[in-house]
Amino acid sequence: MTALGSDIQQLRLPLRQEASQRAADFVVSESNSAAASVLATWPEMAGSVLSIFGPPGSGKSHLAAAWVERTGAVALHGAEAALVDPLELEGQFVLLDRAQDADDESLFHLFNLTQSGGGALLLVSRDPPAAWVCDLPDLRSRLNAIRTVGIEAPDDAVLGAMLRRAFATRNITPGEDVVEYLARRIDRSADSVERIVDQLDAFHRPVTRVLARQVLEDSDELSD
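Since this is a predicted model, take the numbers as computed values, not measurements.

J.: Quick question: what am I supposed to make of the overall build of the protein here?
T.: Each helix and strand in the protein was counted, giving nine helices and five strands. When its helices and strands are written in sequence order, the protein yields α-α-β-α-β-β-α-β-α-β-α-α-α-α. Here the analysis covers contacts within the protein between residues at least 6 apart in sequence; of these, 71% occur between residues at least 24 apart. Summing over all exposed atoms, the protein offers an accessible surface of approximately 11,000 Å²; the carbon and sulfur share of this is 50%.

Put into structure tokens, the structure is as follows:
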């Protein structure tokens, strides 16, 4: 294996391990079912490009991780696209998470290689590609033409699963009424879930609805 190929392998292995761990606990609900359905069978043909976009904490990276696990795709994050020789990716399935962080030239090369070499390119970002800042006219036209699927902010089902997972990592098992209470009141994001669970964990006592209400009232985690 060339030194460059070795660099790709070093990027790929930890990302695949992360993908396996994250894909296993992904919850499908109304907020993400359209994207989950598409990625269950995509790509149907060689040279396909697809964009998955949504707000922070919506689960788009988890969903992309499931696709990586299923297809064996090379997983890159944002500016990492500039660190590998695009020719090493020719004909392969490629995930580019945080795709808006990639420079125009690297992204343009990824388009060309996946479409001409029989591969596929999955772009994951907060905003749809048509809204990205881009200085290359040829890339601009391609971004505008991409098939896109949006993911909404986590609904109660997804947020509840995120809360249970965050509690479980801290060996906390709250009642289901506590999970439902929090899911209806905190901001719908992964960061909000982690913050509120950390605050509850700091009390080192059983997490009850009374404690949850107390912490919410004393913090800024209440959603609008």
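J.: Before we go on, may I ask you to explain unusual backbone geometry in this structure?
T.: What is expected of a backbone is that most residues other than glycine have negative phi and most peptide bonds are trans. Trp-42 connects to Pro-43 through a cis peptide bond whose omega is 0°. With respect to the helices and strands, Pro-43 occurs in the loop between helix H2 (33-39) and strand S1 (48-53). The backbone of Arg-98 sits at a positive phi, close to 50°, despite the residue not being glycine. Arg-98 gets classed as partly exposed once you look at its relative accessible area, which sits at 45%.

J.: Honestly, the environment of Ala-183 in this entry has me stumped. Any pointers?
T.: With respect to the helices and strands, the residue Ala-183 is situated in helix H7 (residues 176-183). Assessed through its relative accessible area of 4%, Ala-183 is described here as buried. Through-space distance from the C-alpha of Ala-183 to that of Val-158 is 9.0 Å; in sequence the pair is 25 residues apart. Setting aside anything within four residues of it in sequence, one finds Ala-183 in contact with Asp-156, Leu-159, Gly-160, Leu-163 and Arg-188.

J.: What is the right way to read the packing of helix H8 (residues 190-201) against helix H9 (residues 209-218) from this model?
T.: Geometrically, a packed helix pair is captured by the angle between its two axes and the distance between the axes. Look at H8 against H9: their axes get within 10 Å of each other, and the N-to-C directions meet at 115°. For the pair H8 and H9, the crossing hand works out as right-handed. Counted together, Ile-196, Gln-199 and Leu-200 of H8 and Leu-211, Ala-212, Val-215 and Leu-216 of H9 form the full contact between these two elements. Along the lines of polarity and charge, the residues of the contact of H8 with H9 split into six nonpolar, one polar and no charged.

J.: What is the right way to read the packing of aromatic side chains from this model?
T.: Two descriptors summarise a pair of aromatic rings, namely the distance from one centre to the other and the angle between the planes of the rings. The tally for this structure, following the rule as stated, stands at two aromatic pairs. Here the aromatic rings of Trp-42 and Trp-67 are separated by 5.3 Å at their centres, their planes lie at 40°, and the arrangement is tilted. On the criterion of sequence distance, the pair formed by Trp-42 in the loop between H2 and S1 and Trp-67 in helix H3 (residues 60-71) is long-range, its members being 25 residues apart. Judged on exposure class, the residue Trp-42 and its partner Trp-67 are both buried. Classification of Trp-67 as buried rests on a relative accessible area of 1%. Taken together, the ring pairs in this structure connect Trp-42, Trp-67 and Phe-93 into an aromatic cluster.

J.: In this structure, what is going on with the confidence of the model for the protein? I would like to understand it.
T.: Keep in mind that low pLDDT regions are not for reading the predicted coordinates in detail. The predicted model of the protein averages 85 in pLDDT, with 87% of residues at 70 or higher. In the model, residues 1-21 has pLDDT below 50 throughout and makes 27 contacts with residues more than four positions away in sequence or in other chains.

J.: What is the right way to read the packing of helix H4 (residues 104-116) against helix H5 (residues 137-145) from this model?
T.: Packing of H4 against H5 brings their axes to within 10 Å, and their N-to-C directions diverge by 60°. On the basis of their axis angle, the class for H4 and H5 is oblique. Judged by the sense of rotation from one axis to the other, the crossing of H4 with H5 is left-handed. Across from Asp-104, Leu-107, Phe-108, Phe-111, Asn-112 and Gln-115 in H4, the residues of H5 making contact are Asp-138, Leu-139, Arg-142 and Leu-143. Split by residue class, the contact of H4 with H5 holds five nonpolar, two polar and three charged.

J.: In this structure, what is going on with the environment of Ala-190? I would like to understand it.
T.: Residue position: Ala-190 is located in helix H8. Taking relative accessible area as the criterion, Ala-190 reaches 30% and is therefore assigned partly exposed. Separated by 132 residues in the primary sequence, Ala-190 and Ser-58 have C-alpha atoms spaced 7.7 Å apart.

Calculation criteria
Residues numbered from 1 in each chain as written. Predicted model: local features only at pLDDT ≥ 70, side-chain atom pairs only at ≥ 80, totals over all residues. Heavy atoms only, no water. Helix = DSSP H or I, 4+ residues; strand = E, 2+ residues; numbered from the N terminus. Contact = heavy atoms within 4.5 Å. Areas by Shrake-Rupley, 256 points an atom, 1.4 Å probe, with all protein chains shown as cover. Buried < 20%, exposed > 50% of the residue type's maximum accessible area, 1.4 Å probe, protein only. Axes fitted to C-alpha atoms, helices over the stretch in contact; angles between N-to-C directions. Left-handed = near helix turned anticlockwise from the far one by under 90°. Nonpolar A, V, L, I, M, F, W, Y, C, P; charged D, E, K, R; others polar. Phe/Tyr/Trp six-rings, centres within 6.5 Å; stacked < 30°, edge-to-face > 60°. pLDDT = per-residue confidence, 0-100. Parallel < 35°, antiparallel > 145°, perpendicular 65-115°, else oblique.

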